[in-house]
Amino acid sequence: MSQPQPIPARTLPDKAAVARALRQFLPPAGVLTDEEDLRPYECDGLTAYRKLPWIVVLPDTIEQASRVLRLCDERNIPVVARGAGTGLSGGALPLEDGVLLSLSKFTRILEIDPENRTATLEPGVRNLAITEAAAPLGLYYAPDPSSQIACSIGGNVAENAGGVHCLKYGLTVHNVLGLKFLTMDGELITLGGKTLDSPGYDLLALLTGSEGMLGVIVEITVKLLPKPEYAQVVLAAFDSVEKAGEAVATVIASGFIPSGLEMMDNFAIRAVNEYARAGYPNEAAAILLCELDGTAEEVAEGIVQVRELLLGRGATEVRASRDEAERLKFWAGRKNAFPAVGRIARDYYCMDGTIPRKHIGQVLTAIGKLSQEYGLPVANVFHAGDGNLHPLILYDANQPGQLARAEEFGGRILELCVAVGGTITGEHGVGVEKINQMCVQFTQEELAQFHALKAAFDPKGLLNPGKAVPKPARCAEFGRMHVHGGKLKFPEMERF
Amino acid sequence: MTNNADISQKLADAVREAAANHALLAIQGNGTKAFYTGALSGTPLDVTGHRGVVSYEPTELVITARAGTPLAEIEAALAERGQMLGFEPPYFGEAATLGGTIACGFSGPRRPYAGAARDFVLGAKIINGKGEILRFGGQVMKNVAGFDVSRLMVGAFGTLGVLLEVSLKVLPKPARELTLAFEMNAAEAVKQMNAWAAQPLPLSAACHADDTLYFRLSGTESGVRAAQAKLGGNAVENSERFWREIREHRLNFFQNGSPLWRLSIPSATPPIDLPGKWLTDWGGAQRWLKSDTPAADIRQETEEVGGHATLFRSLNQKRAPLAVLSPGLISLHRQLKLAFDPHAVLNANSG
Ligand SMILES: Cc1cc2nc3c(=O)[nH]c(=O)nc-3n(C[C@H](O)[C@H](O)[C@H](O)COP(=O)(O)OP(=O)(O)OC[C@H]3O[C@@H](n4cnc5c(N)ncnc54)[C@H](O)[C@@H]3O)c2cc1C
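Residues numbered from 1 in each chain as written. Chains lettered and ligands numbered in written order. Predicted model: local features only at pLDDT ≥ 70, side-chain atom pairs only at ≥ 80, totals over all residues. Heavy atoms only, no water.

Caption draft 1: Representation of empty space enclosed by the protein in the model. Using the criterion set out here, one finds 7 cavities of 30 Å³ or more in the structure. The wall of the second largest cavity is formed by 21 residues, among which A:Asn160, B:Asn143, B:Val144, B:Asp148 and B:Arg151 lie closest to the centre. Secondary structure elements with two or more residues in the lining of the second largest cavity: strand E6 (121–127) and helix H7 (149–153) of chain B. At 3 residues, the largest contribution of residues to the lining of the second largest cavity is made by H7(B). Of the residues belonging to the lining of the second largest cavity, the class tally is 11 nonpolar, 7 polar and 3 charged. (1 Å grid on protein atoms, 1.4 Å probe; cavity = no way out; pocket = protein on both sides within 12 Å on 5 of 7 lines; lining within 4 Å. Points joined across faces, edges and corners; volume = space filled by probe spheres on them. Helix = DSSP H or I, 4+ residues; strand = E, 2+ residues; numbered from the N terminus. Nonpolar A, V, L, I, M, F, W, Y, C, P; charged D, E, K, R; others polar.)

Below is the structure:
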C-alpha cells in the first residue's frame with residue numbers, strides 16, 4: 001500500500017504545550033488529544049488508509065480557524081483540513097505529527113438569496129441541505145454526488161465533486177461563484193461573491209479541486225438553478241458493451257445534452273436485479289439510462305428522437321418511463337448498484353478514470369480481457385455521458401495474493417485510461433491513493449510546476465503535505481480505493 | 001488553404017533565451033484586444049504562426065487548436081458540424097485568435113446561462129516563463145488530476161505562460177433560437193430578467209438597451225414555442241445580428257467618446273445611481289456604463305453593491321485598467337506570477 005510522502009524530518013513540538021495554546025482560544029471540546037477521541041478521524045471514506053491524528057481541532061468561527069492556522073504556521077506544524085470525511089482518495093487522511101482541522105462545526109446556511117439565486121454557506125453544510133433549503137423557492141443546487149446526504153460543500157469544492165447531473169449542469173467548479181479561504185498563515189482571502197466573475201487570476205477555479213493543499217475554505221457562495229419543469233428517462237438494452245458505448249457517442253453527437261447518461265454492464269445488471277428488483281433486462285450485455293429534462297414539450301420531443309437513435313444503434317429494447325414513479329424506479333437500480341455489487345463480493349476496488357467517450361466500448365472490452373487475465377471479476381456502472389468510468393474489481397482480501405492482483409489490475413486500468421487520452425481521476429481526487437499514478441500522467445516539469453504553484457500559497461508546505469502531487473523521488477507504483485468486506489464507511493448512501 | 005504549423009519548439013526556445021538574458025517578451029496575436037491590454041514591453045513574440053486545429057471530434061464535443069488559429073476558422077469548423085462555442089466569444093476584430101480569446105477570457109451574451117470561457121476549457125498546453133512546454137488538463141469532460149492550471153490561464157492575459165494549444169468543450173447548436181422584445185425601463189427589466197431566470201425556461205441571453213428588454217430563447221422547436229407562448233413579447237427579426245452587435249460592442253451605445261466601464265455585479269441589483277448611459281447584459285450581471293464620472297466614484301459605487309468595475313475602453317487611457325485587488329490577493333498574484341514566470345519575462349505592461 002502506498003503511504004503519503006514523509007515530510008522532512010523536524011523536531012515535533014511538545015503536544016501538551018500546543019494543546020494548551022490551542023485551548024486559549026478554542027472551547028475545551030474543540031481540542032481533542034486522547035486516542036479514543038482521535039480514533040473517529042483516523043481515515044476518510046478510503047478506509048484502507050488509516051493514521052491517528054496528533055491533535056484534532058474543531059473551531060466554530062473563522063477567527064478561531066485563522067488562529068489555529070497562524071499558531072501552526074509559527075510552530076511549523078502541518079495541518080490537514082477535513083470536511084465530512086467521505087472522500088475516496090485519502091485526501092483527509094490525518095498526519096501523526098499534524099493537526100487535523102475539522103470544519104464540522106461550520107454548518108450554517110448563511111443566506112439564500114432568492115433574487116440573485118445564490119446560497120452562501122459555511123463549509124460544513126451538507127450538499128443535500130443546500131437543495132433542501134432552496135426547494136421552497138423552486139431552486140436547487142445542481143452538483144449531486146451520490147454522497148450528497150453526508151459530504152460537505154467545502155469538501156465538494158476541495159475535490160471539484162461531480163454527480164449524475166453534471167453532464168448537463170456542470171461540476172462544482174461551474175457552480176461556485178465565491179469563496180472565502182484562509183491561507184496557511186491565517187490570512188482571510190475573499191474570491192468573487194455573487195458576481196459572475198472577479199478581477200485578477202481565476203483563483204476560484206484554482207482553489208476548486210485543490211484537495212486542501214492551497215487554503216482552508218471557510219465560506220462558499222454557489223449559484224442555484226430553477227428546478228426543471230419535467231424529466232423523463234429512457235432505458236435501453238444492448239447485446240454488447242461495444243454497441244452500448246457507440247450509442248453513448250451517438251446520443252452525445254446528436255445534439256442532445258441529457259441531464260444524465262449512465263451505463264451498467266451485465267454483471268452490474270444482474271447484481272441490482274437481485275438486490276433491488278430493478279427489473280432491468282437480465283440478459284442484456286449492457287444498459288443505458290438516459291434522462292432528459294426541461295419543459296414538458298422539449299422532453300417529449302427529445303424522448304422520441306433519443307429512442308430512435310438508440311434503436312438505430314442496435315438497442316434490443318427501449319423503454320421510456322411513463323410517470324414519475326417509473327422514472328424513480330429506473331434510477332433506483334442504478335443508485336443501488338454499488339451496494340448490490342458489494343453484497344456479492346467480499347472486497348472491491350473502485351477506479352475513477354475518465355476517457356474520451358468514443359473509447360468506452362474498446363476500454364470496457366480491454367478491461368474484460370484483463371479481468372480474465374487476473375482471474376478477478378469486474379462490474380461496470382458509470383457516468384457514460386462524461387466518459388467517467390468506475391470499474392469495480394471484485395476480490396477477496398483473505399485469499400493470499402488476491403489483493404496484490406487486484407491492485408495491479410486496477411493500475412493497468414488507469415494506465416489504459418491515460419493511454420487512450422484520458423485521466424486517472426475524474427471526480428474522486430488524487431489524495432494519497434493515486435499519487436503514484438500522477439507520475440504516469442504528468443512529466444517531471446509539470447509536477448515541478450504544481451509544486452511551485454503550491455508554494456505560492458503555502459511556502460512552508462504545511463497544508464496537507466504529501467498529498468495529490470508526488471515529489472520527483474516518488475514516481476513508482478500505483479494505488480487504489482480499498483473497500484473491505486463489501487462495506488464502505490457510509491453504507492446507507494447511494495454509491496457514486 | 002491556411003498554412004497550419006506547429007512552431008512550439010521555436011517559441012519555447014525564444015522564451016528560454018529571454019529568460020536566460022532577463023529580457024522581456026510581448027506575446028502577440030493579431031492585436032484585436034490591444035485596446036484592453038494596453039501596450040506591452042519587450043520583444044514581440046509572434047504566436048500567429050502557431051496555428052491549426054489539432055483535433056476536432058464532434059462526437060466527443062471537444063476541439064483542440066493551436067493558439068494562433070483564427071477564432072473564425074474554429075467557429076466555422078464547428079458550425080459545419082452543427083456545433084458552437086458555448087461562451088459566444090467576442091472577437092473585437094475579425095482577426096481574433098483562439099489564444100487571445102482565452103488569454104482575455106471574455107464571454108458573450110450566452111455567458112450567464114451556458115458558462116464563461118473558463119467553463120469550457122478542458123486543457124491547455126503552455127510554455128511557462130522558463131521556456132518549458134507543459135500540458136495540463138486534457139480532452140476529457142472530468143479531470144481532477146493536479147491543480148486546474150488550464151483554467152488559471154483563462155483571463156491571465158499571457159502573464160503566466162504562452163498558450164500553445166487549448167482544448168475546449170463545445171456545444172450542439174440549438175435547433176431553434178428566438179428573441180423576444182418587451183418595452184420597459186431598466187429597473188423593470190432587471191426585475192423581469194431575474195424573475196424569468198428563476199423559472200425553468202430555455203433562456204440563452206437577456207439584455208436591456210434603449211428601453212427595451214431583449215430575451216433570447218434557445219432549445220428545441222417545441223420548447224421555444226411553449227416558452228414564447230408563456231412570455232409573450234414581440235419576436236425580433238434578424239436577432240442574430242442584434243446579439244452579435246451587442247457582443248462586439250458595435251451598437252450605437254458603444255460608439256461615442258466617453259470612457260466605457262464594465263460593471264460585474266449581482267444580477268438582481270437595481271439600476272445604480274451614476275450619471276451616464278447604461279446597457280444591461282447577462283441578465284443583469286454585466287452592466288455597461290458610458291460615463292465621464294471619476295473612476296474612484298464608479299469603483300466605490302460598484303463595490304458597495306458587491307461587484308467590481310473595470311475601465312474597458314477609453315480613448316485617453318493607454319494601459320490596461322488593472323483591477324483593484326485586496327492586499328492579500330495582490331501578494332498571492334505576485335507569488336503565482338513568480339511560480340510560473342520566475343524571471344518576469346512574459347507580458348509586462350509598459351508605462
Ligand atoms: C458512498 C460515496 C459516494 C460518493 N459519490 C461521489 C460522487 O458521486 N461524486 C463525487 O465527486 N464524489 C463522490 N464521493 C466522494 C466524496 O463524497 C467527495 O469527494 C466529497 O466532495 C468529499 O466531501 P467531504 O466533505 O467528505 O470531504 P473530506 O473527505 O472531508 O475531504 C476531502 C478533501 O477535501 C479537503 N477539504 C475538506 N474540506 C475542506 C475545506 N473546507 N477547505 C479546504 N479543504 C477541505 C480535505 O483536506 C481532503 O483533501 C463519494 C463518496 C462516498 C463515500
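Caption draft 2: Representation of the domain arrangement of chain A. Residues and elements named next belong to chain A. Taken as a whole, chain A is organised into domain 1 (15–102), domain 2 (109–226), domain 3 (230–339) and domain 4 (345–494). Its C-alpha centre places domain 1 at a distance of 23 Å from the equivalent point of domain 2. Across the contact, 14 residues belong to domain 1 and 13 residues belong to domain 2. Seen at the junction of domain 1 and domain 2, the total is 0 salt bridges. Run the count over domain 1 and domain 2 and you get 1 residue pair in polar contact (both at pLDDT 80 or more). Of all elements in the fold, only helix H3 (62–74) and strand E3 (79–82) reach the threshold of two or more residues within the side of domain 1 that touches domain 2. Looking at the side of domain 1 that touches domain 2, the element that brings in the most residues is H3, giving 7 residues. Class assignment for the residues of the side of domain 1 that touches domain 2 results in 8 nonpolar, 4 polar and 2 charged. (Domains from an automatic or database assignment. Contact = heavy atoms within 4.5 Å. Salt bridge = Lys/Arg side-chain N within 4 Å of Asp/Glu carboxyl O. Polar contact = N/O pair within 3.5 Å; in protein donor to acceptor, adjacent residues only side chain to side chain.)

Caption draft 3: Expanded view of the pattern of salt bridges. The tally for this structure, following the rule as stated, stands at 41 salt bridges over all chains. Here A:Arg412 makes a salt bridge to A:Glu373, at a shortest N to O gap of 3.3 Å. Taken together, the residues A:Arg412 in helix H15 (residues 402–419) and A:Glu373 in helix H14 (residues 360–374) connect sequence positions 39 residues apart. What makes A:Arg412 partly exposed here is its relative accessible area of 32%. The residue B:Glu88 makes a salt bridge to B:Arg110 at a minimum N-O spacing of 3.8 Å. Of this pair, B:Glu88 sits in the loop between strand E5 (83–84) and helix H4 (98–104) while B:Arg110 sits in the loop between H4 and helix H5 (111–114), placing them 22 residues apart in sequence. Taken together, the shared-partner salt bridges connect A:Glu35, A:Arg39, A:Glu42 and A:Arg50 into one network. (Buried < 20%, exposed > 50% of the residue type's maximum accessible area, 1.4 Å probe, protein only.)

Caption draft 4: Spatial organisation of the domain arrangement of chain B. Residues and elements named next belong to chain B. As assigned here, chain B comprises domain 1 (8–172 + 341–349) and domain 2 (176–256 + 258–313). Look at where the C-alpha atoms of domain 1 and domain 2 centre, and you get two points 27 Å apart. If you look at the interface, domain 1 gives 16 residues, while domain 2 gives 19 residues. Both faces considered, domain 1 and domain 2 share a buried interface measuring about 1500 Å² in area, 60% of it formed by carbon and sulfur atoms. Counting the surface domain 1 buries against domain 2, the share from its top three residues, Phe92, Pro109 and Tyr113, is 42%. (Buried area = accessible area lost by both parts, 1.4 Å probe.)

Caption draft 5: Here's a closer look at the site of the ligand. All names here are of chain A. As a structural note, the neighbourhood of the ligand is formed by 37 residues, with Ala81, Gly83, Thr86, Ser147 and Ser152 the closest of them. At 2.8 Å from an oxygen atom of the ligand is found a main-chain nitrogen or oxygen belonging to alanine 84. Contact with the protein chains hides 100% of the accessible area of the ligand, taken as 980 Å² for the molecule alone. For the shell around the ligand, the elements supplying multiple residues, two or more each, are E3, helix H5 (153–159) and strand E10 (216–223). Take the shell around the ligand: its biggest share by element is 5 residues, from H5. Considered class by class, the residues forming the shell around the ligand number 15 nonpolar, 16 polar and 6 charged. (Near = heavy atom within 4 Å. Areas by Shrake-Rupley, 256 points an atom, 1.4 Å probe, with all protein chains shown as cover.)

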